[in-house]
Amino acid sequence: MQITDITFQHFAYTSNTVRDSEGHGHPGPPHEARQTLMTIQTDTDVEGVYLGGVSQAVVESHVKPHIVGQNPLYREKIWQSLKERQRLHLGVLSDRILAAIDLALWDFAGKYTNLPVHHLLGATRERLPAYASTMCGDDLEGGLDTPAAYAKFAEWCIERGYPAFKLHTWQPPYEGAPSVKRDLEACAAVREVYGPEADLMLDPFHYYTRLEALALARGLEELDYYWMEEPMDENSMSSYVWLCEQTSLPICGPETAEGKLQVRAEWIKAGACDLVRGGIGDVGGITPLMKIAHLSEAYGMRMEVHGGGVGNLHVLCAMGIPGQYYERGLLHPFIDFDEVPPWLNAPVDPMDDKGFVEVSAQPGLGLELNRAYIEKHAI
């Protein structure tokens, strides 16, 4: 058995999300956007797919020549070899490229064995609660432009069934951002709506100073928040050690710090976090994320998975010490997150009215592709 080719199908769709100058997503006017379906072909009648943002040029130049001819079931060998190649190609061979390849290989393995990926990983559950994860704050009237607007949206999220809620607050380039005072006002408004028992979280501006981050933490202590993530530059692990020593608020991290499982081991050892953070796009796929889950378990620590999507959902359903929540979003009053994208026949994370998301029982990752739409809108 061997990999014979990696193919790409680019297609257009209408998006109502735009990005500001810092890269944060917000609602915007409808416009044409692009999506990519990457397929790993084999000499069997089974293939593995990845759907998302991936550079065809990088895969064809730095990955394809390296893995064509290899056994697609040798996921660990392929991931380790690509990780080693990153050393001299960090400018192009990102963790998101490794994640795309790794997810397609896991999808192949599940389809080849006729099992969903979380069963291959060692299943622990089929469903779990989700928290509402908002887009960043904005200046859109009726959007997320004030603390009161966050509270109003929190009311809707409660009605929809979300048992927990996380704020992404205002960040540059918006006027007045960042602001510790305004962040805490929004957090207080949401606490009043959700009540004293709900788990609430904050993901604020990522470059606050130590004293600003501590002021945020002290305010969230009074509001009894569940955790805060990435309030400072994660390249300074010592700043997070200092913060954890100063506050009783659980600190979740690292999220964007490079180094995969090794850097998370260092954070655990140094006492720089109380909850471990990791997502498939942050660390290079399901393969390394499961290593981090096992690392966290060895220290008796919970790992909260960063972001949604099929890969993260399968990992969450196969963890020894389960992450408590699935991050569903990013949500906004002007975005219908429950609307199924036209290139899919079913949502990847269907949520019931009690806030539970169920993982797919289909073989592989369980993506139900609308092939007719993809072909009709091919670029």
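On a predicted model such as this, the values are computed, not experimentally measured, just so you know. (Residues numbered from 1 in each chain as written. Predicted model: local features only at pLDDT ≥ 70, side-chain atom pairs only at ≥ 80, totals over all residues. Heavy atoms only, no water.)

K.L.:
Report on the overall build of the chain, specifying residues and quantitative values.
P.N.:
Counting its regular elements, the chain contains 13 helices and 12 strands. Taking the principal axes of its C-alpha atoms as reference, the chain extends roughly 60 × 45 × 40 Å. If you sum the accessible surface of the chain, you get close to 16000 Å²; carbon and sulfur atoms cover 49% of it. Put simply, the chain has 30 plus and 53 minus side-chain charges, and the middle of one group is 5 Å from the middle of the other. (Helix = DSSP H or I, 4+ residues; strand = E, 2+ residues; numbered from the N terminus. Areas by Shrake-Rupley, 256 points an atom, 1.4 Å probe, with all protein chains shown as cover. Lys, Arg positive; Asp, Glu negative; His and termini not counted. Charge placed at Lys NZ, Arg CZ, Asp CG, Glu CD.)

K.L.:
A description of the packing of aromatic side chains should follow, citing residues and the corresponding values.
P.N.:
Across all of its chains, the model carries 14 aromatic pairs by this definition. Centroid distance Tyr131 to Tyr325: 6.0 Å. Interplanar angle 80°. Geometry classified as edge-to-face. A residue pair is termed long-range when its members are at least 10 positions apart, and Tyr131 in strand 4 (residues 127–134) and Tyr325 in the loop between helix 12 (310–316) and strand 11 (326–331) qualify at 194 residues. For the residue pair Tyr131 and Tyr325, the accessibility class agrees, reading buried in each case. For the pair Tyr150 and Trp170, a centre-to-centre distance of 5.2 Å together with 80° between the ring planes defines the contact as edge-to-face. Of the two residues, Tyr150 sits in helix 5 (residues 147–160) while Trp170 sits in the loop between strand 5 (164–168) and helix 6 (180–194), which places them 20 residues apart along the sequence. Accessibility classification places Tyr150 together with Trp170 in one group, the buried group. Taken together, the aromatic side chains of Phe11, Tyr13, Trp343 and Tyr373 make up a single cluster linked through ring pairs. (Phe/Tyr/Trp six-rings, centres within 6.5 Å; stacked < 30°, edge-to-face > 60°. Buried < 20%, exposed > 50% of the residue type's maximum accessible area, 1.4 Å probe, protein only.)

K.L.:
A description of the sheet that holds strand 1 (residues 3–19) should follow, citing residues and the corresponding values.
P.N.:
Across the sheet, which stays open at both edges, the three strands sit in the order 1-2-3 with antiparallel pairing between neighbours. Pairing within the sheet leaves two strands with one partner each, and these edge strands are strand 1 and strand 3 (48–51). Taking the axes of each pair of neighbouring strands and ignoring which way they run, one obtains an average angle of 10° across the sheet. When strand 1 meets strand 2 (residues 25–42), the two strands line up antiparallel, connected through 15 bridges. (Pairing = 2+ DSSP bridges. Axes fitted to C-alpha atoms, helices over the stretch in contact; angles between N-to-C directions.)

K.L.:
Give me the lowdown on the packing of helix 6 against helix 7 (residues 210–222), citing residues and values where you can.
P.N.:
Packed helices, taken two at a time, are described by their axes: the angle between them and the distance between them. One can describe the packing of helix 6 onto helix 7 by two numbers: an axis separation of 10 Å at closest approach and a directional angle of 20°. As summarised for this structure, helix 6 and helix 7 are arranged roughly parallel, according to the angle between their axes. The interaxial crossing formed by helix 6 with helix 7 has right-handed handedness. Listed contacts from helix 7 to Val180, Asp183, Leu184 and Cys187 of helix 6 are Glu212, Ala215, Leu216, Gly219 and Leu220. (Parallel < 35°, antiparallel > 145°, perpendicular 65-115°, else oblique. Left-handed = near helix turned anticlockwise from the far one by under 90°. Contact = heavy atoms within 4.5 Å.)

K.L.:
Before we move on, can you summarise the environment of Leu344 with the specific residues and values?
P.N.:
Its location among the elements puts Leu344 in the loop between strand 11 and strand 12 (356–358). Using a relative accessible area of 8% as the deciding quantity, one classes Leu344 as buried. Contacts of Leu344, omitting those with residues within four sequence positions, involve Leu51, Leu367, Glu368, Leu369 and Asn370.

K.L.:
How would you summarise the environment of Gly355 if you had to cite specific residues and measurements?
P.N.:
Its location among the elements puts Gly355 in the loop between strand 11 and strand 12. Exposure remark for Gly355: the relative accessible area of 0% places this residue in the buried category. C-alpha of Gly355 to C-alpha of Ile158: the two residues are 197 residues apart in sequence and 9.0 Å apart in space. For Gly355, the residues in contact, after removing those within four places along its chain, are Leu128, Pro129, Ala130, Gly161 and Pro163.

K.L.:
How would you sum up a nonpolar patch on the surface? Please name residues and give values.
P.N.:
A contiguous nonpolar patch, built from Met1, Leu73, Tyr74 and Tyr112 and spanning about 380 Å² of accessible area, is present on the exposed surface. Along the chain, the position of Met1 falls in the segment before strand 1. The class for Met1 is partly exposed, based on a relative accessible area of 35%. (Patch = residues over 30% accessible without salt bridge, like charges linked within 9 Å, V, L, I, M, F, W, Y side chains within 5 Å. Salt bridge = Lys/Arg side-chain N within 4 Å of Asp/Glu carboxyl O.)

K.L.:
Break down the pattern of salt bridges for me, citing the residues and quoting the values.
P.N.:
A full pass over the atoms with the stated rule returns 16 salt bridges. Ionic pairing is found between Glu255 and Arg277, a salt bridge with its closest N-O pair at 3.4 Å. Of this pair, Glu255 sits in the loop between strand 8 (251–253) and helix 9 (260–270) while Arg277 sits in strand 9 (residues 275–278), placing them 22 residues apart in sequence. Each member of the pair, Glu255 as well as Arg277, carries the same accessibility label: buried. Between Asp338 and Arg328 there is a salt bridge, with its nearest N and O atoms 2.9 Å apart. Taken together, the positions of Asp338 in the loop between strand 11 and strand 12 and Arg328 in strand 11 put the pair 10 residues apart, joining distant regions of the chain. Among the charged side chains, a salt-bridge network with shared partners connects Lys166, Glu229, Glu255, Arg277 and Glu327.

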